[in-house]
Every structure is written in C-alpha cells, then in structure tokens.
Amino acid sequence: MSYLRREITALERYQRALDLAASGQRLAFDSTCGPEAETYIRKIRNPGKREYAREYWRWMNRLGYGKEPQRPAGLSVMGAQAVRHELRDICNVVEAPDESDLVWMRAQAEAERE
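This report concerns the structure included in the present document.

What counts and how
For every chain, the first residue of the written sequence is number 1, and numbering continues from 1 along that sequence. Local features in this predicted model are restricted to residues of pLDDT 70 or higher, and side-chain atom pairs are both shown and tallied only at a pLDDT of 80 or more, whereas totals for entire chains, interfaces and linings draw on every residue. Think of the side-chain values as coming from all heavy atoms in the structure, minus any hydrogens and water. Secondary structure elements follow DSSP: runs of H or I no shorter than four residues count as helices, runs of E no shorter than two count as strands, and numbering proceeds from the N terminus. One fewer than the residue count of a helix, multiplied by 1.5 Å, yields its expected span. Three labels apply to residues, based on accessible area from a 1.4 Å probe with only protein chains included: buried if under 20% of the type maximum, exposed if over 50%, partly exposed otherwise in between. When we speak of the arc, we mean the arc of directions from the helix axis to the C-beta atoms. By definition in these notes, contact holds between two residues if any of their heavy atoms fall within 4.5 Å. Cysteine sulfur atoms are paired as a disulfide whenever they come within 2.5 Å of each other. Stacked, tilted and edge-to-face are the three classes assigned to paired rings of Phe, Tyr and Trp, where Trp is represented by its six-membered ring and a pair needs centres within 6.5 Å; plane angles under 30 degrees give stacked, over 60 edge-to-face, the rest tilted. Orientation is described by axes fitted as lines to C-alpha atoms, over the contacting stretch for helices, and by angles from 0 to 180 degrees between their N-to-C directions. By the definition adopted for this analysis, an angle is roughly parallel if under 35 degrees, roughly antiparallel if over 145, roughly perpendicular if from 65 to 115, and oblique otherwise. Helix crossings fall into two classes, left-handed where the near helix is turned counterclockwise from the far one by less than a right angle and right-handed where it is turned clockwise. Polar here means any residue outside two lists: the nonpolar Ala, Val, Leu, Ile, Met, Phe, Trp, Tyr, Cys and Pro, and the charged Asp, Glu, Lys and Arg; Gly therefore counts as polar. Among the buried residues, those of types Ala, Val, Leu, Ile, Met, Phe, Trp, Tyr and Cys that are joined through side-chain atoms within 4.5 Å form a nonpolar core.

## Considering helix H3 (residues 47-61)
Thinking step 1. A rise of 1.5 Å per residue sets the reference length of H3, with its 15 residues, at 21 Å; its end C-alpha atoms lie 21 Å apart and thus fit the reference within 8%.
Thinking step 2. By the burial criterion, the buried members of H3 are Tyr52, Ala53, Tyr56, Trp57, Trp59 and Met60. Burial along H3 is one-sided: seen end-on, the buried residues are contained in an arc of 160°.
Thinking step 3. The inward-facing, buried residues of H3 abut strand E1 (27-28), helix H2 (34-43) and helix H4 (77-91).
Thinking step 4. Downstream of H3 by one or two residues, leucine 63 has phi in the positive range, about 60°.

## A few points about the state of the cysteines
Thinking step 1. Overall, the coordinates contain 1 disulfide when judged by the stated rule.
Thinking step 2. For cysteine 33, the disulfide goes to cysteine 91, at an S-S distance of 2.1 Å. Across the disulfide from cysteine 33 to cysteine 91, rotation about the S-S bond amounts to roughly 85°, and the bridge is consequently right-handed. Of this pair, cysteine 33 sits in the loop between E1 and H2 while cysteine 91 is found in helix H4, placing the two residues 58 residues apart along the sequence.
Thinking step 3. Residue class for cysteine 33 comes out buried when judged on its relative accessible area of 1%.

## Quick notes on the packing of aromatic side chains
Thinking step 1. Scanning all chains against the criterion turns up 2 aromatic pairs.
Thinking step 2. An aromatic cluster is defined as three or more aromatic residues linked by ring pairs; in this entry it consists of Tyr52, Tyr56 and Trp59.

## So, the environment of cysteine 91
Thinking step 1. Exposure remark for cysteine 91: the relative accessible area of 0% places this residue in the buried category.
Thinking step 2. Along the chain, cysteine 91 and alanine 80 lie 11 residues apart, while their C-alpha atoms are 17 Å from each other.
Thinking step 3. Once residues within four sequence positions are removed from consideration, cysteine 91 is found in contact with Phe29, Asp30, Cys33, Ala37, Trp57 and Met60.

## Brief notes about the packing of helix H1 (residues 10-23) against helix H5 (residues 99-113)
Thinking step 1. Across the interface, H1 lies against H5 with an axial gap of 8 Å and an inter-helix angle of 150°. The pairing of H1 with H5 is recorded here as roughly antiparallel in orientation. Where H1 crosses over H5, the handedness of that crossing is left-handed. Contacts from Ala10, Leu11, Arg13, Tyr14, Ala17 and Leu18 in H1 reach Leu102, Met105, Arg106, Gln108, Ala109, Glu112 and Arg113 in H5.
Thinking step 2. In terms of residue class, the contact of H1 with H5 is built from 8 nonpolar, 1 polar and 4 charged.

## Comments concerning the nonpolar core
Generally speaking, nonpolar side chains in soluble globular proteins are found buried as a group.
Thinking step 1. Counting 20 residues, the largest nonpolar core has Phe29, Tyr40, Trp57, Met60, Leu87 and Cys91 as its most contacted members.
Thinking step 2. Broken down by secondary-structure element, the contributors of at least two residues to this core are H2, H3 and H4.
Thinking step 3. At 6 residues, H3 tops the list of elements feeding residues into this core.
Thinking step 4. By size, the runner-up hydrophobic cluster in this structure holds 8 residues, among which are Tyr14, Ala17, Leu20 and Val94.

As structure tokens, then:
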C-alpha cells in the first residue's frame, strides 16, 4: 500500500529521542497520522491481521504503556511484523532510546547535515 507520508530527518528523529529519554515515555509518534493508520487497518483483508493491527494501534495510542499485544494464533510472525512496521512507518514512531542508540542517532544527524 502506498501512502503519502512526511519523512522525518535524522535530526528530527534524534531530537524526538532526546525528548523521549527526558520524559520517561516508551514511544512517541506523529499524532496527525490517525486517519492514515485507520485507512491502512480498514484495508487489511485478513481478519486476524486486521484485529492485530487494531490492537497494536490501540497500544501505540497508549504511548507504549502496558503489554505489547500478542500475535494471534492464525497470524504468521512475518504478518505481525509487517503490521508493526507499516504502522510505525505511517506514524514516524520513535522509541525511547538507550545510550548506544543516542550515539548512533547523533552520528546520523551530523552526517545528514554535511
């Protein structure tokens, strides 16, 4: 599926990660992505995959608090991974980084500026 997305720069991703680390949240995303995410979920034909996408979307909206949804028995590992990646791409998700992630993200942001 193809959606029009605003790609964020490495510098923006690094700044979001720093903000997340300071706030104590597990993840953050572009809050304007709701209609695109809902459209993606509605267009999924496989019922198990669609339900997993709904549950994962609800978990994302709780900013990653609570337990991440479990993959239903009828859904393959790759199918569940595809849902997670697509929703994260649509919403430009940034997870709370650890120290090594911040070093890597800073290097990417600096390389982008050059």
